[in-house]
Amino acid sequence: MGRWYRAAAAGFLVNSFYEMENTNADEINNLAAEQDDDALPPAYTVGPLVRRSSGSDENGGAAAATCLEWLDHQPAGSVVYVSFGSGGSLSVEQMAELAAGLEISGHRFLWVVRAPSLKGPYSMAMKSHDDGQDKQQDPLVWLPNGFIERTSSRGLVVAVWAPQVCMLSRPATAASVSHCGWNLAQESMAAGVLIAGELQVAAAQAWAPDGSSRRKLEDLVGEWKATVLGKVKH
């Protein structure tokens with residue numbers, strides 16, 4: 001696939017921005033400038049492209065209302081948002097360890113819980129129980145006994161879904177813990193909950209009128225237009 005990209009691709013659109021990955025961007029583009037058969041296509045860093053919060057997020061039913069109302073009653077910069085995404089399932093053991101860590105930490109948290117991965121020897125034991133189907137349908141039953149009650153004064157646990165973009169932008173949200181999925185990473189950067197807001201400023205500047213990502217995209221659009229016009233003329 002890598003060889004095919006080198007031969008067929010005219011470039012790569014990357015959902016990132018120069019100020020975040022300038023070393024990588026320079027390395028790729030220096031290789032792209034080499035005049036040989038092994039040269040790489042250029043990389044166009046045009047991010048961060050983040051899905052903005054919408055009315056559907058704000059009005060996403062009881063779950064959204066509960067999350068946002070709870071956050072709005074917490075002190076500014078006090079809550080850790082925990083979510084491992086639809087593709088970041090924890091094992092049963094990891095889920096128990098995460099719960100223990102949150103409880104011992106003493107910090108405020110909002111945890112979006114999904115059912116753990118049941119791969120491995122424990123999955124066969126789970127299937128032997130009558131309540132196996134219920135456990136797969138309700139991820140909260142996998143939490144340690146009494147965890148929700150013991151942490152209710154400073155934590156909120158919700159099942160499966162929460163209005164993530166809205167929650168990250170709330171003043172109470174200070175940091176996020178995740179499986180490092182790129183969507184959440186960029187949403188966190190744009191909301192200023194990574195590195196004390198430094199990346200938030202850089203991300204905003206990248207899409208300013210003279211920002212690096214805006215210039216890259218405008219350059220690319222110019223190349224596309226020139227290519228199309230050239231074909232039309234011929």
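Residues numbered from 1 in each chain as written. Predicted model: local features only at pLDDT ≥ 70, side-chain atom pairs only at ≥ 80, totals over all residues. Heavy atoms only, no water.

### Thoughts on the overall build of the protein chain
Going by this rule: Numbering of helices and strands runs from the N terminus, with a helix taken as a DSSP run of H or I at least four residues long and a strand as a DSSP run of E at least two residues long. Exposure classes here rest on a 1.4 Å probe applied to the protein chains alone. A residue is buried below 20% of its type maximum, exposed above 50%, and partly exposed in between. Residue contacts are counted whenever heavy atoms from the two residues lie within 4.5 Å of one another. Areas reported here follow the Shrake-Rupley algorithm with a probe of radius 1.4 Å; residue values treat only the protein chains shown as occluding.
Within the protein chain, the regular secondary structure consists of twelve helices and six strands. Split into buried and exposed, the 234 residues of the protein chain put 35% on the buried side. Here the contacts in the protein chain between residues at least 6 apart in sequence split such that 72% fall between residues at least 24 apart. On the protein chain, roughly 13800 Å² of surface is accessible, and the fraction owed to carbon and sulfur atoms is 55%.

### Here's the deal with the side chain of Ser78
Tracing the backbone through its elements, the reader meets Ser78 in the loop between helix H4 (62–72) and strand S3 (79–83). Excluding residues that lie within four positions of it along the chain, Ser78 makes contacts with Arg108, Ala172 and Ala174.

### What to know about the sheet that holds strand S5 (residues 155–159)
Pairing between the strands of a sheet comes from backbone hydrogen bonds, and it takes one of two forms, parallel or antiparallel. Selection criterion: Only when DSSP finds a minimum of two bridges between them are two strands counted as paired. For helices, the fitted line uses only the C-alpha atoms of the stretch in contact; every axis is such a line through C-alpha atoms, and the angle between N-to-C directions lies from 0 to 180 degrees.
Across the sheet, which stays open at both edges, the four strands sit in the order S5-S4-S3-S6 with parallel pairing between neighbours. Of all the strands in the sheet, just S5 and strand S6 (173–177) have a single pairing partner and so form its edges. The mean inter-strand angle of the sheet, taken between neighbouring strand axes irrespective of direction, is 15°. Here S3 runs beside strand S4 (residues 108–113); their pairing, made up of five bridges, is parallel.

### Comments concerning a nonpolar patch on the surface
Counted only if it meets this: Patches in this entry comprise residues that are over 30% relatively accessible and not in a salt bridge; like charges within 9 Å are linked, as are nonpolar side chains (Val, Leu, Ile, Met, Phe, Trp, Tyr) within 5 Å. Definition used for salt bridges: Asp or Glu carboxyl oxygen within 4 Å of a side-chain nitrogen of Lys or Arg.
A contiguous nonpolar patch, built from Met1, Trp4 and Tyr5 and spanning about 410 Å² of accessible area, is present on the exposed surface. Its location among the elements puts Met1 in the segment before helix H1 (2–8). A residue is classified by how much of its surface remains accessible, and Met1, at 73% relative accessible area, is exposed.

### Digging into the side chain of Ser213
Condition: Any pair of N or O atoms that falls within 3.5 Å is considered a polar contact. Within protein, one atom must be able to donate a hydrogen and the other to accept it, and sequence-neighbouring residues count only if both atoms are side-chain atoms.
Tracing the chain through its elements places Ser213 in helix H12 (residues 212–233). Relative accessible area serves as the criterion here: at 0%, Ser213 is assigned to the buried category. One polar contact links the side chain of Ser213 to the main-chain carbonyl oxygen of Gly47, over a distance of 2.5 Å. Setting aside its immediate chain neighbours within four residues, Ser213 contacts Ser16, Phe17, Thr45, Val46, Gly47, Ala206 and Trp207.

### Comments concerning the packing of aromatic side chains
Condition: For Phe, Tyr and Trp, rings pair up if their centres lie within 6.5 Å, where Trp contributes its six-membered ring, and each pair is then called stacked (planes under 30 degrees apart), edge-to-face (over 60) or tilted (otherwise).
Inspection of the entire model under this criterion finds two aromatic pairs. Measuring from centroid to centroid gives 5.9 Å for Trp111 and Phe147, while their planes differ by 85°, and the two rings are edge-to-face. Remark: Phe147 occurs in helix H8 (residues 147–150) and Trp111 occurs in strand S4; sequence separation between them is 36 residues. Of the two residues examined, Trp111 and Phe147, each falls in the buried class. Members of the aromatic cluster, each reached through a chain of ring pairs, are Phe109, Trp111 and Phe147.

### Quick look at the pattern of salt bridges
A side chain of one charge can pair with a side chain of the opposite charge when the charged atoms of the two come close. In the structure shown here, the tally under the stated rule is three salt bridges. Between Arg170 and Asp72 there is a salt bridge whose closest N-O contact spans 2.9 Å. Taken together, the residues span a long stretch of sequence, with Arg170 in the loop between helix H9 (164–168) and S6 and Asp72 in helix H4 at a distance of 98 residues. A relative accessible area of 18% places Arg170 in the buried class. The class of Asp72 is partly exposed, set by a relative accessible area of 46%. Here Glu103 and Arg150 are joined by a salt bridge, their closest N and O atoms 2.6 Å apart. Taken together, the residues span a long stretch of sequence, with Glu103 in helix H5 (residues 92–105) and Arg150 in helix H8 at a distance of 47 residues. Under the relative-accessibility criterion, Arg150 is labelled partly exposed at 45%.

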